[in-house]
There are 2 protein chains.
Amino acid sequence: MAKKVLNRRERERERHRAEILRAAEEVFTEKGFHGASMQDIAEQAEFAVGTLYKFFTGKEDLYHALFLEKVRKIDALVGKGMDSETEPVGKLKRLIEVNLRVVEEYKKFFGLYLREIMGKFPVSPATQPQIRRLRNQIVKRVAEVIKTGIKKGVLRKADPRAMTMVLLGMLRGSAFIWVEGRHKLTLKELTEMVKKMFFEGALAEGK
Amino acid sequence: MAKKVLNRRERERERHRAEILRAAEEVFTEKGFHGASMQDIAEQAEFAVGTLYKFFTGKEDLYHALFLEKVRKIDALVGKGMDSETEPVGKLKRLIEVNLRVVEEYKKFFGLYLREIMGKFPVSPATQPQIRRLRNQIVKRVAEVIKTGIKKGVLRKADPRAMTMVLLGMLRGSAFIWVEGRHKLTLKELTEMVKKMFFEGALAEGK
DNA sequence: TCACACAATGAATCTTCATTCACATTATAC
DNA sequence: GTATAATGTGAATGAAGATTCATTGTGTGA
């Protein structure tokens, strides 16, 4: 019986932790790291400030935890997407689709995400290296796929690293511009455009 | 715009202002807006804190001034680059070249720049709209060039807005990835790759 | 029912700066 | 040379907000 009681407690605790993370996501995505106060987050979570410190050692730690949780989820989605195809071109198409779909799903979080992976000044020193490591796995995978595509003769002969850089840059950049705003474009249209441009380029046929 | 002739005092003052801006650039690019203190900047500039306030109304104002100065310079370069060509494809090529060259020249500043134009949470509320306005001019110009290219039949028939988005995204994103890091690629190689990819795509000939 | 472990609370504390301002220094005018 | 104006100074101020901790509340097992 003692064990069951403990379980209950533990589950409760876990739920509270998750609630705090949800609140933190809300507030951080709304106001950014520096604009968000622990007060804000506590209120959003309907806990007292002190309580947050029972779960996380501080503001940075909370941010860090939120970040890892999200990035893991995103990377898993992207990875699974690529797994679902066998041929290089198919894999790359899925990469583009999933990437942009994720952007939509995590639209609010995306602003934070990009600032963190892109800039220096990581909010928490521990966050960036971990995220980088996760990201590097994706980069390597994409480069590998492109290399295979070249070997098979379906992709143009060029430095795979550079192609990877351009492709990922294209995804990141256009997603950003899309999130930014005033677009009448649907995400679907953007996805199609990115695919077309990446594979076939901007020049008219035969030019 | 006859620049008013400045007497000794006024010139001195102008020089001091510029020195403070230089120091601010140093410190902000090093530590980011929130990581930089007025103390830091003052020390770097070899002035007392109080002095900074004789030139700028506050930290935000200083940041804002620095930003505008830089962005104006960058945009002028890009604009001039495009002016130097007459044909759409030539203009776009110049756009790519100049853009990436600027990235190299302003490498340190670039991190700040992107965070500011990209994210919400602008550091100073006044900065973002102004920068956006400047940026929009470039976007419009590029879209116009692309539209002309399509009309002339040298670019594929597609939504010019979307193409613009992808092209600018590609530039921004790949520049970022380049700045980020561990690249063996020279900027020249990256530039070539972006051009090739944008115009011709990734697929092998005849595929 | 009681006692006890654990969870939650939030006012009080501690830190970190941005900003100010009374004063000192220097340059210019007369 | 003295008066006046402009510049520069940096210790003192105040505000914001992260963190702590003494206290209060609650569910659990006897």
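Residues numbered from 1 in each chain as written. Chains lettered and ligands numbered in written order. Predicted model: local features only at pLDDT ≥ 70, side-chain atom pairs only at ≥ 80, totals over all residues. Heavy atoms only, no water.

### Considering helix H2 (residues 38–45) of chain B
All names here are of chain B. For H2, the set of buried residues is Met38, Ile41, Ala42 and Ala45. Summarising the axial view, the buried residues of H2 lie within an arc of 100°, below the 170-degree limit, and thus occupy one face. Next to the buried residues of H2 lie helix H1 (8–35), helix H3 (49–55) and helix H4 (59–83). (Buried < 20%, exposed > 50% of the residue type's maximum accessible area, 1.4 Å probe, protein only. Helix = DSSP H or I, 4+ residues; strand = E, 2+ residues; numbered from the N terminus. Arc of directions from axis to C-beta. Contact = heavy atoms within 4.5 Å.)

### Quick notes on unusual backbone geometry
A positive phi angle, near 60°, is found at A:Glu46, a position not held by glycine. You can see A:Glu46 is positioned in the loop between helix H2 (38–45) and helix H3 (49–55).

### Topic: the protein's contact with DNA strand C
Taken together, 19 residues lie around DNA strand C, and A:His16, A:Ala48, A:Thr51, B:Met38 and B:Lys59 are the ones closest in. Expressed as a percentage, the sugar and phosphate content of the atoms of DNA strand C within 4 Å of the protein is 75%. The separation between a phosphate oxygen of DNA strand C and a polar main-chain atom of A:Ala48 is 2.7 Å. The separation between a phosphate oxygen of DNA strand C and a polar side-chain atom of A:Thr51 is 2.8 Å. Taken together, the elements giving at least two residues each to the surface near DNA strand C come down to helix H1 (2–35) and H3 of chain A together with H1 and H3 of chain B. The greatest single-element share of the surface near DNA strand C, amounting to 5 residues, is contributed by H3(A). Among the residues forming the surface near DNA strand C, the class breakdown is 8 nonpolar, 5 polar and 6 charged. (Near = heavy atom within 4 Å. Polar contact = N/O pair within 3.5 Å; in protein donor to acceptor, adjacent residues only side chain to side chain. Nonpolar A, V, L, I, M, F, W, Y, C, P; charged D, E, K, R; others polar.)

### Comments concerning the packing of aromatic side chains
Under the definition given, this model contains 12 aromatic pairs over all chains. Plain terms: the ring middles of B:Phe28 and B:Phe33 are 5.7 Å apart, the flat faces sit at 15° to each other, and that makes the pair stacked. Measuring from centroid to centroid gives 5.0 Å for B:Phe33 and B:Tyr63, while their planes differ by 70°, and the two rings are edge-to-face. With B:Phe33 in helix H1 and B:Tyr63 in helix H4, this residue pair connects regions lying 30 residues apart in the sequence. Pair check on accessibility: B:Phe33 and B:Tyr63 agree, each one buried. Each member of the aromatic cluster is reached from another via a ring pair, and the members are A:Phe28, A:Phe33, A:Tyr63, A:Phe67 and A:Phe109. In this structure, B:Lys107 is placed above the aromatic ring of B:Trp178, and the distance from its NZ or CZ to the ring centre is 4.8 Å. (Phe/Tyr/Trp six-rings, centres within 6.5 Å; stacked < 30°, edge-to-face > 60°. Lys NZ or Arg CZ within 6 Å of the ring centre and 35° of its normal.)

### A look at the environment of B:Val194
Within the fold, B:Val194 resides in helix H9 (residues 187–200). Under the relative-accessibility criterion, B:Val194 is labelled buried at 0%. With 89 residues separating them along the chain, B:Val194 and B:Glu105 place their C-alpha atoms 18 Å apart. In contact with B:Val194, other than residues within four places in its own chain, are A:Val166, B:Ile96, B:Leu100, B:Met170, B:Leu171 and B:Ser174.

### Thoughts on the confidence of the model for chain A
Across chain A, the average pLDDT comes to 86, with 87% of residues at 70 or higher. In the predicted structure, residues 1–5 of chain A sits below a pLDDT of 50 and forms 0 contacts with residues beyond four places in sequence or in another chain. (pLDDT = per-residue confidence, 0-100.)

### A few points about the domain arrangement of chain A
Residue and element names in this part refer to chain A. By domain assignment, chain A separates into domain 1 (8–56) and domain 2 (61–202). A separation of 29 Å is found between the C-alpha centroids of domain 1 and domain 2. Facing 15 residues of domain 1, the contacting portion of domain 2 comprises 11 residues. Interface area for domain 1 against domain 2, summed over the two sides, is near 1,100 Å², with a carbon-plus-sulfur share of 73%. Applying the counting rule to domain 1 against domain 2 returns 3 salt bridges. Here Lys70 ties to Glu25 by a salt bridge, and the two come within 2.9 Å at their closest N and O atoms. For the interface between domain 1 and domain 2, the tally reads 2 residue pairs in polar contact (both at pLDDT 80 or more). Looking at the side of domain 1 that touches domain 2, the element that brings in the most residues is H1, giving 12 residues. Along the lines of polarity and charge, the residues of the side of domain 1 that touches domain 2 split into 8 nonpolar, 2 polar and 5 charged. (Domains from an automatic or database assignment. Buried area = accessible area lost by both parts, 1.4 Å probe. Salt bridge = Lys/Arg side-chain N within 4 Å of Asp/Glu carboxyl O.)

### Some thoughts on the pattern of salt bridges
Within this structure, the stated rule accounts for 26 salt bridges over all chains. A:Asp40 is paired through a salt bridge with A:Lys31; the nearest N and O atoms lie 3.2 Å apart. Overall, the relative accessible area of 22% leaves A:Asp40 in the partly exposed class. Classification of A:Lys31 by relative accessible area gives partly exposed; the value is 39%. Across the salt bridge formed by B:Lys195 and B:Glu97, the nearest N and O atoms sit 2.5 Å from each other. With B:Lys195 in helix H9 and B:Glu97 in helix H5 (residues 88–105), this pair connects stretches of sequence that are 98 residues apart. Given the relative accessible area of 11%, B:Lys195 is considered buried. B:Glu97 gets classed as partly exposed once you look at its relative accessible area, which sits at 22%.

### Structural notes on helix H9 (residues 187–200) of chain A
Residue and element names in this part refer to chain A. End to end, H9 covers 19 Å across 14 residues, agreeing with the expected 20 Å (1.5 Å per residue, within 8%). Residues of H9 that are buried include every one of Leu187, Leu190, Thr191, Met193, Val194, Lys195, Met197, Phe198 and Phe199, and no others. Backbone geometry just after H9 places Gly201 at a positive phi near 80°. (Expected span 1.5 Å × (residues − 1).)

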